[in-house]
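The residues making up each chain are set out below.
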Amino acid sequence: MFKDLDPLLHSQLRLQIMSLLIGVESAEFTYLLEETGATRGNLSVQISKLKDAEYIDVKKSFRKNYPLTTCTITPKGVEAFEKYVEALQDYLKVNKEKVKK
Amino acid sequence: METTFTEQDGLKVITEMIENSRAKIRDNGFFYLLWGWLVLIAGLSNFILLIVGFDKAWLPWPVLMIGGGIATGIAGYRLGKNARVKTFFDIAMIYLWNGFLVLLLFILFMAARGVISWVASNAIIIAIYGLGTFVSGGLLKFKPLIIGGVISWALAIITLFIPDIYSLLTIALSVIISYLIPGYLLKSRDKKLSHV
């Protein structure tokens with residue numbers, strides 16, 4: 001049987017954000033904006049959802065009088081991401097076996 | 001849009017994004033070139049001043065090293081402040097080179113106090129230059145830095161078996177091999193990556 005895919009991660013933009021954050025120490029909002037190609041509004045909403053689930057930490061500060069948002073993945077986020085990847089691997093394994101048969 | 005997001009899509013997104021953040025692990029060689037040139041000029045001018053019999057032949061070192069320290073501090077601060085993403089590579093580099101600096105000052109302090117000879121301190125300094133480039137090369141997966149580090153260690157050993165004054169030339173040679181050559185190669189690699 002498949003492990004259930006975490007609905008919070010099984011979404012294009014949220015998974016993009018988490019995949020970017022898993023490989024770095026921290027990333028700014030503008031970096032995530034550029035790499036994901038999302039709109040500001042949509043990115044803000046999805047970041048808030050990940051923050052509410054405690055998958056990421058969001059720090060607000062200022063740089064040269066402009067607001068600066070920095071995101072970092074939390075240990076809970078890393079665990080959720082790893083579980084999601086495991087579930088995907090299971091899914092792919094089962095699919096491969098089906099193709100063989 | 002979310003309803004049509006499949007498992008394959010999930011895998012594709014993860015692969016793409018991880019590739020993107022991995023591509024951010026880059027180095028334009030600036031610090032290697034800065035320190036490579038400063039140490040090369042300091043070592044060679046110290047050697048020449050000793051040959052011509054100038055009594056403060058060591059003078060190029062404090063002048064160039066303090067200048068380099070200030071330039072590195074400013075450049076590093078600016079780089080850190082403007083970086084929109086901080087990779088684990090960035091963090092590793094900051095700790096490695098700050099630790100390197102502390103060790104370097106400790107060795108110079110020991111030499112100044114007469115606990116170790118200047119030749120021994122030169123040999124150890126060459127060896128820790130090598131450690132710095134060896135580790136950075138490994139993290140960057142950049143062979144010229146790794147090779148430069150290993151050659152520096154060989155030069156550190158050679159330094160112990162040659163007349164004192166020539167240890168300045170082994171320092172010069174080690175920075176050419178472990179800093180300047182890899183620094184220029186990194187610069188050109190970074191330029192190529194920028195055009196992709």
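So, here's what we can say about the structure. Throughout this description, residue numbers start from 1 for each chain and increase along the sequence as written. Ligands are numbered from 1 and chains lettered from A, in the order in which they are written. This being a predicted model, a pLDDT of at least 70 is required before a residue's local features are given, and a value of 80 or more before pairs of side-chain atoms are given or counted; all residues contribute to the totals for chains, interfaces and linings. The side-chain quantities take in all heavy atoms of the structure and omit both hydrogens and water.

**Section: the overall build of chain B**
Line of reasoning, step 1. Check the secondary structure of chain B and you find 7 helices and 1 strand.
Line of reasoning, step 2. For 196 residues, the compact-globule estimate of 2.2 N^0.38 gives 16 Å, and chain B exceeds it by more than 25% at 21 Å.
Line of reasoning, step 3. Along the longest, intermediate and shortest principal axes, the C-alpha atoms of chain B span 80 × 30 × 30 Å.
Line of reasoning, step 4. Within the span of chain B, comprising 196 residues, buried residues form 35% of the whole.
Line of reasoning, step 5. Summed over its atoms, the accessible surface of chain B is roughly 11300 Å², and 73% of this surface lies on carbon and sulfur atoms.
Line of reasoning, step 6. The sign given to each residue is positive for Lys and Arg and negative for Asp and Glu; His and the chain ends receive no count. Think of each charge as sitting on NZ of Lys, CZ of Arg, CG of Asp or CD of Glu. Averaged over its 16 positive side-chain charges, chain B has a centre that lies 8 Å from the centre of its 10 negative ones. What counts as a helix is a DSSP run of H or I of at least four residues, what counts as a strand is a run of E of at least two, and both are numbered from the N terminus. Here the globule rule reads 2.2 Å times residues to the power 0.38, and the radius of gyration is calculated from C-alpha atoms. We call a residue buried when its accessible area falls under 20% of the maximum for its residue type, exposed when it is over 50%, and partly exposed in between, using a 1.4 Å probe and counting protein chains only. Throughout, the Shrake-Rupley method with a 1.4 Å probe supplies accessible areas, and for residues the shown protein chains are the sole cover considered.

**So, the overall build of chain A**
Line of reasoning, step 1. Per the secondary structure count, chain A includes 4 helices and 3 strands.
Line of reasoning, step 2. Sequence-ordered secondary structure for chain A, helices as α and strands as β, is α-β-α-α-β-β-α.
Line of reasoning, step 3. Within chain A, contacts between residues at least 6 apart in sequence are counted, and of these 55% link residues at least 24 apart.
Line of reasoning, step 4. Here chain A displays about 6100 Å² of accessible surface, and carbon together with sulfur accounts for 53% of that area.
Line of reasoning, step 5. Positive and negative side-chain charges in chain A, numbering 16 and 14 respectively, have mean positions lying 3 Å apart. By definition, residues are in contact when any of their heavy atoms lie within 4.5 Å.

**Looking at the pairing of strand 1 (residues 24-28) of chain A**
Line of reasoning, step 1. Counting buried positions along strand 1 of chain A gives 4 out of 5 residues, so the element sits mostly inside the fold.
Line of reasoning, step 2. Relative to strand 1 (residues 85-87) of chain B, strand 1 of chain A is paired through 3 bridges, and the arrangement is antiparallel. Bridge pairing in strand 1 of chain B places A:Ala27 opposite B:Val85.
Line of reasoning, step 3. Pairing between two strands is assigned when DSSP locates at least 2 bridges connecting them. Relative to strand 3 (residues 66-73) of chain A, strand 1 of chain A runs antiparallel, the two sharing 2 bridges.

**Description of the packing of aromatic side chains**
All names here are of chain B.
Line of reasoning, step 1. Only centres within 6.5 Å qualify two rings of Phe, Tyr or Trp (six-membered ring in Trp) as a pair; their planes then separate them into stacked at under 30 degrees, edge-to-face at over 60, and tilted for everything else. Applying the stated criterion across every chain, the model contains 9 aromatic pairs over all chains.
Line of reasoning, step 2. On the basis of an interplanar angle of 65 degrees and a centroid distance of 6.0 Å, the ring pair of Tyr32 and Tyr179 is categorised as edge-to-face. Here the residue Tyr32 occupies a position in helix 2 (residues 30-51), and Tyr179 occupies one in helix 7 (residues 167-194), the gap between them amounting to 147 residues.
Line of reasoning, step 3. Residue classification places Tyr179 among the buried residues on the basis of a relative accessible area of 4%.
Line of reasoning, step 4. Seen from their ring centres, Phe134 and Trp153 are 4.8 Å apart, and the 50 degrees between their planes marks the pair as tilted.

**Re the interface of chain B and chain A**
Line of reasoning, step 1. Counting from both sides, the interface comprises 24 residues of chain B and, opposite them, 29 residues of chain A.
Line of reasoning, step 2. Regarding the contact of chain B and chain A, the summed buried area is about 2500 Å², with carbon and sulfur atoms giving 62% of it.
Line of reasoning, step 3. We count a salt bridge whenever a side-chain nitrogen from Lys or Arg sits within 4 Å of a carboxyl oxygen from Asp or Glu. Counting the contacts that link chain B with chain A gives 1 salt bridge.
Line of reasoning, step 4. Counting of polar contacts relies on pairs of N or O atoms within 3.5 Å, with two restrictions inside protein: one atom must be capable of donating a hydrogen and the other of accepting it, and residues adjacent in sequence are counted only when both atoms are side-chain atoms. Applying the counting criterion to the chain B and chain A interface returns 6 residue pairs in polar contact (both at pLDDT 80 or more).
Line of reasoning, step 5. Take the side of chain B that touches chain A: its biggest share by element is 10 residues, from helix 1 (residues 7-23) of chain B. Summed over both partners, the accessible area (1.4 Å probe) lost when two parts come together is defined as the buried area.

Worth remembering: the numbers are spatial, not functional.
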